[in-house]
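Topology and contacts: notes
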Amino acid sequence: NAGVMQNPRHLVRRRGQEARLRCSPMKGHSHVYWYRQLPEEGLKFMVYLQKENIIDESGMPKERFSAEFPKEGPSILRIQQVVRGDSAAYFCASSSGQGIPYEQYFGPGTRLTVT
Amino acid sequence: AQSVTQPDIHITVSEGASLELRCNYSYGATPYLFWYVQSPGQGLQLLLKYFSGDTLVQGIKGFEAEFKRSQSSFNLRKPSVHWSDAAEYFCAVGHYNQGGKLIFGQGTELSVKP
């Protein structure tokens, strides 16, 4: 059973460009979480999605950031007009939504560098 | 506000020595508690979790953790550290009314001396 997959693993963008990060959850999982890890910091929750729905986006910056999890295909975290402060590792986690609480499995992350 | 504190940013232990990593949380109710390990450039792997019941929980790779409600702590322990345990360790908390969202501590980097 394949784990959570994220691509690309590394992404370099110039300031002002768009970054698009993809996450394919584990087979059978319909819940996806995005976290951001800034250098020398722990992970910070960004957004929680189920298929076609945003459940909790309390950790998302108000501008430039958006996320989706369509009925078909991976979840996408999109960052428009990137700035240097967006440089970080972005981790996706998935869960089945069963049980209490939802046990999350993490992907390897996408390391975004903004030049 | 909910928070998780890992007081030790960096710990060095000798191979074969015992290990304890500290984790304290601030929460309105007993949360669900997790320890994750992250090797350099990798994602997070779940070591163990506490939901309820026995306050001493066993995890993978010989790790265990003890939940102490009175101290709001969930410290991670291992009796004998191996060089391969060198990594960053994160404590995290969740709660059923948070929809599975996890709050992470800042992490403790573990170095192992030969």
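Residues numbered from 1 in each chain as written. Chains lettered and ligands numbered in written order. Predicted model: local features only at pLDDT ≥ 70, side-chain atom pairs only at ≥ 80, totals over all residues. Heavy atoms only, no water.

Another aspect to go through is the overall build of chain A. Along chain A, the regular secondary structure elements total zero helices and 11 strands. Its C-alpha atoms give chain A a radius of gyration of 13 Å, within 12% of the compact-globule value 13 Å for 115 residues. Scored against the burial criterion, the 115 residues of chain A give a buried share of 47%. Partitioning the contacts of chain A with sequence separation of at least 6, the portion at a separation of at least 24 is 53%. Looking at chain A as shown, the accessible area adds up to about 5,800 Å², and 46% of this sits on carbon and sulfur atoms. (Helix = DSSP H or I, 4+ residues; strand = E, 2+ residues; numbered from the N terminus. Rg over C-alpha atoms; globule rule 2.2 N^0.38 Å. Buried < 20%, exposed > 50% of the residue type's maximum accessible area, 1.4 Å probe, protein only. Contact = heavy atoms within 4.5 Å. Areas by Shrake-Rupley, 256 points an atom, 1.4 Å probe, with all protein chains shown as cover.)

Before going further, it helps to examine the pattern of salt bridges. If you walk through the whole model with that rule in mind, you get nine salt bridges over all chains. The salt bridge partner of Arg-64 of chain A is Asp-86 of chain A, with a shortest N-O separation of 2.7 Å. Residue Arg-64 of chain A is located in the loop between strand 6 (53-56) and strand 7 (65-68), and its partner Asp-86 of chain A is located in the loop between strand 8 (75-79) and strand 9 (88-95); the two are separated by 22 residues in the primary sequence. What makes Asp-86 of chain A buried here is its relative accessible area of 2%. A salt bridge links Asp-85 of chain B to Lys-78 of chain B; the nearest nitrogen and oxygen atoms lie 2.8 Å apart. The burial state of Asp-85 of chain B is the same as that of Lys-78 of chain B; both residues are buried. Salt bridges linked by common partners bring Glu-18, Arg-20 and Arg-78 of chain A together as one network. (Salt bridge = Lys/Arg side-chain N within 4 Å of Asp/Glu carboxyl O.)

What follows covers the pairing of strand 5 (residues 32-38) of chain B. Residue and element names in this part refer to chain B. For strand 5, the tally of buried residues reaches seven of seven residues, placing the bulk of the element in the interior. By the alternation rule, side chains of strand 5 split into Tyr-32, Phe-34, Tyr-36 and Gln-38 and Leu-33, Trp-35 and Val-37, which are all buried. The sheet contact formed by strand 5 and strand 10 (residues 87-94) spans seven bridges and is antiparallel. Bridge pairing links Tyr-36 to Phe-90 in strand 10. Bridging between strand 5 and strand 6 (residues 44-50) involves six bridges; their strand directions are antiparallel. Each bridged residue has a counterpart across the sheet, and for Tyr-36 the counterpart in strand 6 is Leu-46. Between strand 5 and strand 6, which pair antiparallel one after the other, the connecting turn spans five residues, and Gly-41 there sits at a positive phi close to 75 degrees. (Pairing = 2+ DSSP bridges.)

A few words on the state of the cysteines. By definition, a disulfide links two cysteine residues through a covalent bond between their sulfur atoms. Applying the stated rule across the entire model yields two disulfides over all chains. A disulfide bridge connects Cys-23 of chain A with Cys-92 of chain A, and the sulfur atoms are separated by 1.7 Å. In this structure the cystine formed by Cys-23 of chain A and Cys-92 of chain A twists about its S-S bond by roughly -50 degrees; its chirality is therefore left-handed. Of this pair, Cys-23 of chain A sits in strand 3 (residues 19-24) while Cys-92 of chain A sits in strand 9; the two residues are 69 residues apart in sequence, bridging distant segments of the chain. Its relative accessible area of 0% is what places Cys-92 of chain A among the buried residues. Here Cys-23 of chain B connects covalently by a disulfide to Cys-91 of chain B, the sulfurs 1.9 Å from one another. The S-S bond linking Cys-23 of chain B to Cys-91 of chain B shows a torsion near -65 degrees; that makes this disulfide left-handed. Of the two residues, Cys-23 of chain B is situated in the loop between strand 3 (19-21) and strand 4 (24-26) and Cys-91 of chain B in strand 10; the sequence distance between them amounts to 68 residues. There is no split in this pair, since Cys-23 of chain B and Cys-91 of chain B are both buried. (Disulfide = S-S within 2.5 Å.)

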